[in-house]
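Spelled out from the first residue to the last, the chains are:
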Amino acid sequence: MQLFIASSQSKKVESVCYHCGEDCDTEVVKFESHNFCCNGCKTVYELLDQNGLSDYYALEEQPGNSLKTPRHVDQFEYLDNEEIANQLLDFKDEKRSKVTLFVASIRCSSCIWLLENLHRLQPAVVFSRVNFVKKEVYITFSKMITLREIVELVTSLGYEPKITLKGIEQKEKEADKPLLYKIGVAGFFGGNIMMLSFPEYFGDKTFFGSEFQHFFGYVSLMLSIPVLLYSSSDYFKSAFVAIRNRTTNIDVPVSLGILAIFARSTYEIVTQTGSGYMDSLAGLVFFLLVGKWFQSKTYQALSYDRDYKSYFPVAASVLKGGSHQQVPIEELEKGDIVRIKNSEVIPADSVLISTSANIDYSFVTGESVPVGKRENDSLYAGGKQVGASIDIRIEKKVSQSYLTQLWNQQAFRKNNDQQLYSVIDTVSQYFTVGIILVAVITGAVWYFIDASQVLNTVTAVLIIACPCALALTLPFAFGNALRSFSKKGLYLKGPEIVEELSKVNTVVFDKTGTLTKGNAQDVSYHGGSLSGGELRLVKSLTTHSGHPLSKAVFDSIVSDEIEVTNFREYEAKGIEAVINGKLVKMGSANFLRRQLNSNDASHVHLQIDGGYRGCFVVKSSYREGLKELLNELKTNQKIYLLSGDNETDKDVLAQWFDLKNMHFNQTPRQKLDFIEQLKASGECVMMIGDGLNDAGALKAATIGVAITDDIYNFTPSSDAILSAKQFKSLLQFLIFSKQTLAVVRVSFIISLTYNIVGLSFAVQGVLSPLVAAILMPLSSITVVIFITVVINYLSIKALGK
C-alpha cells in the first residue's frame, strides 16, 4: 500500500473524496487507488476497511461526512467530569452504561449501518441502534470504555453528536434545516427563472428580441443548476443506491423525470430550438420537496416516534402533606419523594432514601439478577424494585420517551406477522417497476404520433404516479387510531398492535384484579380476634405488595405501619417478611399448607411465627358492565377464564363461560402453556390480566393487555395497558380496530384510483410535468385528510367523545 499527498498550490486538483464526496480543492490524499480530501477521511476508510466494514461504501456512494475541520484533542474533556457524564447517561451500573446521542448528520442507510455496527470497531460497545426519525443513536457500552471515548469514537467517524442538557426541541429544528434549505434554494431560483420566462407565458416571443431570449435561456440554465445539483440531490442519491442494489423505489422515476426535463431543456437552449422547461423543473422540485416536508411535519405532529407524552398511563405514589397521592409521572418534579412497591418500575432517575433496595434492571439491560443498593445510591429509570417498598427522591425530570424506548426494545417485542406492512412494501416496489414500463411504452407510442410530446408525456407519467399515498396509509391510519384508543383509556405499545387487534377471535381473562375490582371489596376476618399489634403486622406486610388481594386486606385495616425486613413475594402464592423480629406470612392455603374448607370467597391466610392465626375472606366485587361485555363478546369470540384463585365464583361465572373453558388454581406456567396451546391451534389470542402473575401469559399471547385501576403497574410484557374504567368498552375497541382496517382498504382504493386517473391523463399528453408535480403531493394530502376525518368520526361513533 502506498500513500502520497499531491500538492495543488500550482493548480486545483479535480477530484472528489471517496469517503465524503467533497471536492479535494487543496490537496488530494491517495490511498489504495482512492482519493481523499484529508487525512481524516482516509483514516476513517482505513478503520472501516481493517474491521471488515467496507460494505459501508457499497450502500451509498461517498456516504461519509467530511473531516476537514480540525478537532481539538481535548474537545470532549469535560465528559470526564463524572457529574456531567451522569446527567447525560440514561443508565449506569457496575457493568455497563447507556446513552442517547443526537446526531444531526445521520442522512442515509450507510450512516445507519455504520452506527449500528460500532461494536465491530470497539468491542466495548455492547449494542447500538439508530432512530432515524429523531436522529438519535442509542448506545450501550461496558465499563471498559468511558462516555468520552464513546463520543470521540462516533465523532472520529464523522458523526459528531450535539451534546446538550436542555431538551430536544432545538434538536428537531436542527434536523429540519437541510430540507428547508433545499426548499428555499428551489423556490428562490425557480422564482427567478419564472420571471425570465414571462414573455413565453404570454406568447410574446418578440417582447425582448431574439438576442435577449437566448441570453435569458442561458441565464435560466445557470439558475437551474443549483436546483438540479443541490435541491434534487436526495432523489438522485436514493435512486442511485436503489439501482446499484438492483432494487427500485419511488425516487427512481422521479429522478428520471427531473433529468429528462433538464436534458431536453439544455438541448433546446444550447441549440436555440426552444426556450426549454427550466421553470417547470424548478417548480417540480419545489413542490416535491414541499410535499416531503408536509409528510415529515405530519409524522411529527402525530408523534409516530412514540414519545407517549399523552399516551403513557403511568402514575406514581408521591408523598405530599404526610400522605401518599397518585400523581401522573409526567407531573413528577425534581425533589419529589416517591414510594415504589415490590415489582413496580422506577419512573425516573433518582436517589434511594430507604436504607436498602434490590433493583432488577432486566427491563433496561436484559439481566434479571437484582442489584443491591444502599441509602443515597443512584437509581435509574426502568429499574424494578424486588422486595419491600422503598422511598426514592426524583433527581431528573421523567422522560416518557425513554420508558417507551425500553418498552419497545427487542426483548419485549413479538415477531407478529404484519401482513399489511409487507403487502405495502411489495406493492410499492412493483409499482415503481410498472410505472417505468408504462413511461417507456408511452414514450415509444408518442414518438410515432408526435415526437415533440415525448418528453412531456414521459415526464408526466414518471411524476404523477406515486406510491407515497400507499406508504402513508398505514402509519397515518394506525397513528390516528392509536390517538383515539389512548383518549379512551387503551394504550398500545405500537401501531402494529392495531392490526393484530382486528384479528382477535379468542379472549382469555384472568379473574382476580381483571374481572373483579382491584379495590372496594368486602373483607372479613375468620379465626378469632387479632390484637392491635397483630393488625399492625398485617398492615405493614401488605403495604409492600401490589396484588389485588393484598391491597384489599391493606385497605380494610386501620392502623399505622412499621418497618419490615426480608420481604419476599412468591408469584401466585403469597408474601412474607420479618417484622419486629417475627416472621409473618400471608397467602394461599397451599402456601401455608392449610386445607381449604370453603369455596365461597377468596381466602388470604395468616401465619405469625409459625402459628396459624386465621384468614381474611375477600368476596369478589365484579366490574361494572361485565355481564353485558361477556354476553356480547361470546357471540363472535371464544372466551376463556384462567384464574390462579380457587373455584369460589365458578357457579356465578358459569352463566357467561362454558364450564370446559374455565380453569382455576392455575400457576403462571400453566397459564402460559394454555395460551401457547391456543395459538398453536391457530387462534389469535388476546390475554387480559393485571400483569402481576400473568407476565408470561401476556407475553405469549398474540396481544397481552394489562388492566390497571387507580395505581398503574407498568408491565413490559404487555402490548397494551387498559384503564379499568374502560373495561366495559373492550368490545368497542375490537370493533373500532376492524373499522380502522376497513379505512385502510378504502384509502388503498383512493390511492390506486388517483394513480390510474392521473396516468390516463398523462399518457394522453394532456398533463404537464409541472401540474403532475403539484398533483403528486396532493394525493398524499388527500389520503391523510380522508384517514384523519373518517377515523376520528368512527372513533366518536364507536367509542364516544
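Structure: above.
Everything in this summary refers to the structure shown in the same document. (Residues numbered from 1 in each chain as written. Predicted model: local features only at pLDDT ≥ 70, side-chain atom pairs only at ≥ 80, totals over all residues. Heavy atoms only, no water.)

On to the overall build of the chain, then. In terms of regular secondary structure, the chain is built from 26 helices and 29 strands. Expressed as a percentage of its 801 residues, the buried residues of the chain come to 52%. Relative to all contacts within the chain whose residues are 6 or more apart in sequence, the contacts with residues 24 or more apart total 67%. Summing over all exposed atoms, the chain offers an accessible surface of approximately 36,300 Å²; the carbon and sulfur share of this is 55%. (Helix = DSSP H or I, 4+ residues; strand = E, 2+ residues; numbered from the N terminus. Buried < 20%, exposed > 50% of the residue type's maximum accessible area, 1.4 Å probe, protein only. Contact = heavy atoms within 4.5 Å. Areas by Shrake-Rupley, 256 points an atom, 1.4 Å probe, with all protein chains shown as cover.)

Here we take up the packing of helix α16 (residues 454–464) against helix α25 (residues 730–763). Axis separation between α16 and α25 bottoms out at 9 Å; the angle between their running directions is 175 degrees. As judged from the angle between their axes, α16 and α25 are roughly antiparallel. Of the residues in α25, those in contact with T457, A460, V461 and I464 of α16 are Y754, N755, G758, L759, A762 and V763. Among the residues making up the contact of α16 with α25, the classes are represented as seven nonpolar, three polar and no charged. (Axes fitted to C-alpha atoms, helices over the stretch in contact; angles between N-to-C directions. Parallel < 35°, antiparallel > 145°, perpendicular 65-115°, else oblique. Nonpolar A, V, L, I, M, F, W, Y, C, P; charged D, E, K, R; others polar.)

Here the focus is the pattern of salt bridges. On inspection of all chains with the given rule, the structure shows 13 salt bridges. Across the pair K503 and E499 runs a salt bridge, and its minimum N-O distance is 3.4 Å. Of the two residues, K503 and E499 are both situated in helix α18 (residues 496–503); the distance of four residues between them amounts to about one turn of the helix. Overall, the relative accessible area of 31% leaves K503 in the partly exposed class. Its relative accessible area of 2% is what places E499 among the buried residues. We note a salt bridge from E683 to K638, for which the minimum N-O separation is 2.6 Å. Here E683, found in the loop between α23 (668–680) and β27 (685–689), pairs with K638, found in strand β25 (residues 638–642); they are 45 residues apart in sequence, far enough to count as distant. A relative accessible area of 15% places E683 in the buried class. In the salt-bridge network here, residues are joined through shared partners; they are D80, R148 and E152. (Salt bridge = Lys/Arg side-chain N within 4 Å of Asp/Glu carboxyl O.)

Take the environment of H119 next. With respect to the helices and strands, H119 occurs in helix α5 (residues 118–121). Overall, the relative accessible area of 36% leaves H119 in the partly exposed class. The sequence separation of H119 and F141 amounts to 22 residues, and the corresponding C-alpha distance is 9.0 Å.

Let us look at the nonpolar core. In this structure, F485, L490, L492, F509, F657 and M686 are the most contacted members of the largest nonpolar core, which totals 53 residues. Here this core takes nine residues from α25, the largest share from any one element. Counting the residues that make up this core, at least three belong to each of domain 5 (423–490 + 736–801) and domain 6 (491–517 + 623–735). Not counting residues within four places of it along the chain, the set of residues in contact with L490 comprises F485, L501, V705, A720, I721, L722 and F733. The next biggest cluster of nonpolar side chains, apart from the first, holds 28 residues, and it includes A85, C111, L115 and L147. (Core = buried A, V, L, I, M, F, W, Y, C linked by side-chain atoms within 4.5 Å. Domains from an automatic or database assignment.)

This next bit is on the packing of helix α11 (residues 251–271) against α16. The N-to-C vectors of α11 and α16 enclose an angle of 155 degrees; their axes lie 8 Å apart at closest approach. With respect to α16, the axis of α11 lies roughly antiparallel. When the axes of α11 and α16 are compared, the crossing they make is left-handed. Note on element contacts: α16 touches α11 through L455, T459 and L462, opposite P253, V254, L256, G257, A260, I261 and R264. Considered class by class, the residues forming the contact of α11 with α16 number seven nonpolar, two polar and one charged. (Left-handed = near helix turned anticlockwise from the far one by under 90°.)

Turning our eyes to something else, we now look at the side chain of K539. Mapped onto the secondary structure, K539 falls in helix α19 (residues 532–542). An unpaired buried charge is present at K539: no salt bridge exists, and E561, the closest side chain of opposite charge, is 5.4 Å distant. A polar contact of 2.7 Å, which involves the side chain of K539, links it to the backbone oxygen of I557. (Lys, Arg positive; Asp, Glu negative; His and termini not counted. Polar contact = N/O pair within 3.5 Å; in protein donor to acceptor, adjacent residues only side chain to side chain.)

Turning next to unusual backbone geometry. The backbone phi angle of N566 is positive, close to 55 degrees, even though this residue is not glycine. Along the chain, the position of N566 falls in strand β20 (residues 565–570). Among the residues examined, N566 registers a relative accessible area of 59% and is labelled exposed.

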